[in-house]
Amino acid sequence: MSATIVQNKEYKNKQKVKDNFISGIIGFFAFVWIFPILWTLWTSLRPYNDIISYGVFSWPRHLNLDNYFQAFRVMGLTKYFLNTLYVMVPSVILILFLGSLIAFVVSRYSFRFNLTLLLFFTAGNMLPTIATYIPVFWLYIKIGDLFGNRSLLYNNYFGIILIHVAFQVGFATFVLSSYMKTVPKEISESAILDGCSVFRHYWNVMLPLLRPPLAALGVLMSCWIYNDFFWALILMSEDSKRPVTSALRQLQGQYVTDFNLLAAGASIVAAPTIILFLVLRKQFVSGLTLGATKG
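Residues numbered from 1 in each chain as written. Predicted model: local features only at pLDDT ≥ 70, side-chain atom pairs only at ≥ 80, totals over all residues. Heavy atoms only, no water.

Caption draft 1: The overall build of the chain, seen in detail. A count of helical and extended segments in the chain gives 13 helices and zero strands. Counting from the amino terminus, helix and strand elements in the chain follow one another as α-α-α-α-α-α-α-α-α-α-α-α-α. Its C-alpha atoms give the chain a radius of gyration of 25 Å, clearly above 19 Å, the size a compact globule of 295 residues would have. Expressed along its principal axes, the backbone C-alpha trace of the chain runs to roughly 90 × 75 × 35 Å. (Helix = DSSP H or I, 4+ residues; strand = E, 2+ residues; numbered from the N terminus. Rg over C-alpha atoms; globule rule 2.2 N^0.38 Å.)

Caption draft 2: Structural detail: unusual backbone geometry. Of note, asparagine 155 is a non-glycine position whose phi angle comes to about 60°, a positive value. Topologically, asparagine 155 is positioned in the loop between helix 6 (133-146) and helix 7 (157-180).

Caption draft 3: Inspection of the layout of surface pockets at higher detail. For the largest pocket, the calculated volume is near 350 Å³. Trp33, Pro36, Ile37, Thr40, Leu41, Ala266, Ser267, Ala270, Ala271, Ile274 and Ile275 together form the lining of the largest pocket. Among the secondary structure elements, those contributing two or more residues to the lining of the largest pocket are helix 1 (2-44) and helix 12 (259-279). For the lining of the largest pocket, the element with the highest residue contribution is helix 12, accounting for six residues. Here the lining of the largest pocket is composed, by residue class, of nine nonpolar, two polar and no charged. (1 Å grid on protein atoms, 1.4 Å probe; cavity = no way out; pocket = protein on both sides within 12 Å on 5 of 7 lines; lining within 4 Å. Points joined across faces, edges and corners; volume = space filled by probe spheres on them. Nonpolar A, V, L, I, M, F, W, Y, C, P; charged D, E, K, R; others polar.)

Geometric descriptors of this kind do not, in isolation, establish any biological role.
Quick look at the structure:
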């Protein structure tokens, strides 16, 4: 009896040491991740003259919101935010609609190329962006020249929307098809017996069941597209049409850059995605975990 108690105590001590070690590792990486964010916020509240006079790592003499007001005025954020919405809203709607439609087909119906079709759409996410931007750029130019209008896709919001849809539909299809497989097939069989057409089966029966994963994907896609800088830089020639991530370039000086002002601008640009996540965090978490706890 005493030997068993000793063994249990030794096991608990070893488990406690292991848990503390894992917690320490997680805490370290959490600090490494959050430190640049906190440093950016800290820097954005300090006047540039304060750093010039006392140094970057000195204790600040003044903290205020002047950098935020100046950054908002210099960057012209209203115009760039609207540019972002012109791209983000249609892109997210199209990605969720097409992804759910394809996922519905490959998960609810059996045909010869079922798995091949799913792999085809998922494979698009495996391609590195750096390896595709030159072919995409020349494709947009050639299509525009073919129709006698180079701005048909290049330097056009429609072209940016298409590229986001093309690259993100595969991920949406993969996530939604995995979730749809957890939905009992009896629901689909009942809908078919009741005389539902294929589209009505999708729209009236399956789509309402996809609200949690659609909400989670909507948050993810909105953040990814909102934070995009690369495609807007490659496929947009006019700075006035580029999204909000490009507005930070307005804060760079020709000879000297006020990094406190730049930190304030970065904080302003990042704020909408943080607010979006905080507002929809319950839907986001439930959408990511619901498929794993069913079936």
